[in-house]
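# Coordinate analysis (summary)
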Amino acid sequence: MPAVAGAERLLGEVEEAEAALREAAERALDGEASFDAVIAADQKIEPRDAMPDAYRAGLIRQIAQHAHSEIIGMQPEGNWISRAPSLRRKAILLAKVQDEAGHGLYLYAAAETLGVSRAELDTALLTGKQKYSSIFNYPTLSWADMGAIGWLVDGAAIVNQVPLCRCSYGPYARAMIRVCKEESFHQRQGYQSLYVLAQGTPEQRAMAQDAVDRWWYPSLAMFGPPDADSTHSAQSMAWKVKRFSNDELRQRFVDMCVPQAEILGVTLPDPNLTWNELRGHYDYTSPDFDELMRVVKGDGPCSRQRLAHRNRAHEDGAWVREAAAAYAAKKNRKVMA
Ligand code: FAQ
C-alpha cells in the first residue's frame, strides 16, 4: 500500500477511535438514561460508561465465578497429564489445560475493568467467598473421563457461552469470542478421544460408558437451577447479560447430545430420554438440583480438595509473583529514567 494511503487510513482509524471515545464520555455524563438506551439498542456497555451498581456487581459476580471455574477446572484434567496413554494424548491434554489458564486470565482481566482488583478476586476464590462451577467438584476416575469432560463439560460450556459473546458488557463479550473458539476445539478433541475408546476393546468401551454415566447429570446441572428457582436470570436477561434462560440452554444441550451419543455408540443414562414431537425437543430427566445446591455450597465430592490444592498452588507461586512484580518495577524505573 502507498505510504500516503496508509497514513490516511491510520488517520481515519484514529478519528474513528476519538469519536467513539467522545461518544462514550457523553454517555457517561448522561448516566442511567444512556445505559437504558444502550441496552435497548443492543449495543455494548463499556468500562467508562455509567452503569447501575447492581449491573456492575452482578457482572463482577458472574465473570469472577466464570474465571475461577476456568482456574479450578484445570485440576480434574491436570490429574491425568502424567498418566495419559500416549505422548500425543499428553501433549493435547497439556495444551488444553494451558488454554483453561488463559481463559481464566482473559476473564480476570474483564472483571478488572469493572473496578475490582486481581488480588481481591484471588482472595475471594481462596477463601471460598466466591464460587466456581459445580462440575469441577467431581473426581476424574479414569482416562475416559478426559474424553467425557471434553465432550460433555466443554460441550455444555459452549452452549452456555456462545450467547455470552453477545452479552451487553463489551469486555466480557469480546473475551468470550476467543474462549468459545478454543472450547469448541476442546470439545472436538474430547469427542474424538471418547470415540476411539467407544470403538475399542470391551474394557475400553465399558470405561467410556462409565465415564458418560458419571458426567451426564453433573453436566446438565452446570446450566444452573431451574428457571423458577433462578435468582439472577430475570434481571440478567433484562440487562442482556444472559440471552437465554438456564432451562432453555439445558434443553439445547440435551438436543445436541442425543444424536452425538448415538454416533459414539454410548447410552445416555436416562430412561426417559424420548423425542417429543409436540415440543420439538427431547424429554429428559432433570438433574438433582438439591445435589447441585449442596455442591455449590461447598459440599461436593472434591470441594475441599480443590480449594486446598488451589491455596497450596497460590502459596507455592508467591516467589513467582514477587519476581514478576520486581521485574516490572525495574522496567518501569528504566522507562521513567
Ligand atoms: N455451579 O440465579 P442463577 C467451563 C449459582 S467454565 C456453581 O441461575 P446465574 C470451561 C449462581 O452463581 C464453567 N454455582 O445464577 C472448562 C447463583 O449463586 P450466587 C463455568 C452455580 O448466574 C471446561 C445461584 O446458583 N461457566 O466449564 C451453578 O443467573 C472444561 C443461583 O443461580 C460459567 O461460569 C453451577 N453450575 O446463572 C474449564 C459461565 N449454577 O452467586 C475446564 C458463566 C448456578 O447468587 C475444563 N456463568 N449457580 O450465590 C453463567 O452463565 C451463569 O452464571 C450460570 C448461572 C448459568 C452458571
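Residues numbered from 1 in each chain as written. Predicted model: local features only at pLDDT ≥ 70, side-chain atom pairs only at ≥ 80, totals over all residues. Heavy atoms only, no water.

An unreviewed UniProt entry annotates the protein as Phenylacetate-CoA oxygenase subunit PaaA of Catellatospora methionotrophica.

### Quick word on the pattern of salt bridges
Inspection of every chain in the model, using the stated rule, returns twelve salt bridges. One salt bridge connects Arg243 with Asp42, and the closest N-O pair in it is separated by 2.9 Å. Placement of Arg243 in the loop between helix H10 (233–238) and helix H11 (246–264) and of Asp42 in the loop between helix H2 (32–40) and helix H3 (53–72) is noted, with a sequence separation of 201 residues between them. Two residues, Asp299 and Arg304, come together in a salt bridge whose shortest N-O distance is 3.2 Å. In this structure Arg304 comes out as exposed when scored by relative accessible area, which is 56%. One salt-bridge network, held together by shared partners, links Glu77, Lys96, Glu100 and Asp154. (Salt bridge = Lys/Arg side-chain N within 4 Å of Asp/Glu carboxyl O. Helix = DSSP H or I, 4+ residues; strand = E, 2+ residues; numbered from the N terminus. Buried < 20%, exposed > 50% of the residue type's maximum accessible area, 1.4 Å probe, protein only.)

### Some thoughts on helix H9 (residues 202–221)
Counting along an α-helix, one turn takes 3.6 residues, and residues three or four places apart therefore face a common direction. Here H9 is 20 residues long and its end C-alpha atoms lie 30 Å apart, about the 28 Å a rise of 1.5 Å per residue gives. Along H9, the sharpest kink reaches roughly 35°, centred on Trp215 and followed within four residues by the proline Pro218. Burial in H9 covers these residues: Ala208, Gln209, Ala211, Val212, Trp215, Trp216, Pro218, Ser219, Leu220 and Ala221. The inward-facing, buried residues of H9 contact helix H7 (144–161), helix H8 (170–198), H11 and helix H12 (289–299). (Expected span 1.5 Å × (residues − 1). Bend = angle between axes of the 7 residues up to and from the residue. Contact = heavy atoms within 4.5 Å.)

### Some thoughts on the packing of aromatic side chains
Any pair of aromatic rings gets described here by the distance separating the centres and the angle formed by the planes. With the rule as written, the count across this model stands at eight aromatic pairs. Centre to centre, the rings of Trp151 and Tyr191 are 6.0 Å apart; their planes meet at 65°, and the pair counts as edge-to-face. Of this pair, Trp151 sits in helix H7 while Tyr191 sits in helix H8, and the two are 40 residues apart along the sequence. Note on Trp151: relative accessible area 0%, which makes it buried. Ring geometry for Trp275 versus Tyr282: centroids 5.0 Å apart, planes at 70°, classification edge-to-face. Site record: aromatic cluster; members linked through ring pairs are Phe35, Tyr55 and Trp239. Above the plane of the ring of Trp80 lies Arg83, whose end atom (NZ or CZ) is 4.6 Å from the centre. Across from the ring centre of Phe244, 4.3 Å away, lies the NZ or CZ of Arg252, which sits over that ring. (Phe/Tyr/Trp six-rings, centres within 6.5 Å; stacked < 30°, edge-to-face > 60°. Lys NZ or Arg CZ within 6 Å of the ring centre and 35° of its normal.)

### Topic: the layout of surface pockets
Here the largest pocket is characterised by a volume of approximately 1100 Å³. Contributing to the lining of the largest pocket are 48 residues, with Arg61, Gln65, Ser133, Met222 and Gly224 lying nearest its centre. Only H3, helix H5 (87–112), H7, H8, H10, H11 and H12 provide two or more residues apiece to the lining of the largest pocket. The element that contributes the greatest number of residues to the lining of the largest pocket is H7, accounting for seven residues. Class assignment for the residues of the lining of the largest pocket results in 19 nonpolar, 17 polar and twelve charged. Within this model, the second largest pocket holds a volume of roughly 270 Å³. Around the second largest pocket, the lining is made up of 14 residues, and of these Ile71, Arg118, Asp122, Arg310 and His314 lie nearest the centre. (1 Å grid on protein atoms, 1.4 Å probe; cavity = no way out; pocket = protein on both sides within 12 Å on 5 of 7 lines; lining within 4 Å. Points joined across faces, edges and corners; volume = space filled by probe spheres on them. Nonpolar A, V, L, I, M, F, W, Y, C, P; charged D, E, K, R; others polar.)

### Focus: the nonpolar core
Ranked by size, the top nonpolar core spans 75 residues in total, and within it Trp151 and Tyr169 carry the most contacts. Looking at this core, the elements that each hand over two or more residues are H2, H3, H5, helix H6 (118–126), H7, H8, H9 and H11. Ranked by residues supplied to this core, first place goes to H7 with nine residues. Apart from the residues lying within four places of it in its own chain, the contact partners of Tyr169 are Lys44, Ile45, Glu46, Pro47, Met51, Tyr55, Leu59, Ile63, Ala110, Thr113 and Leu114. (Core = buried A, V, L, I, M, F, W, Y, C linked by side-chain atoms within 4.5 Å.)

### Here's the deal with empty space enclosed by the protein
Per the counting criterion, the structure on display carries one cavity of 30 Å³ or more. The volume enclosed by the largest cavity comes to roughly 60 Å³. What lines the largest cavity is simply Arg89, Ile92, Leu93, Trp143, Met146, Gln189 and Ser193. Elements that contribute at least two residues to the lining of the largest cavity include exactly H5 and H8. Ranked by residue count, the leading element in the lining of the largest cavity is H5, at three residues. Residues that form the lining of the largest cavity fall into these classes: four nonpolar, two polar and one charged.

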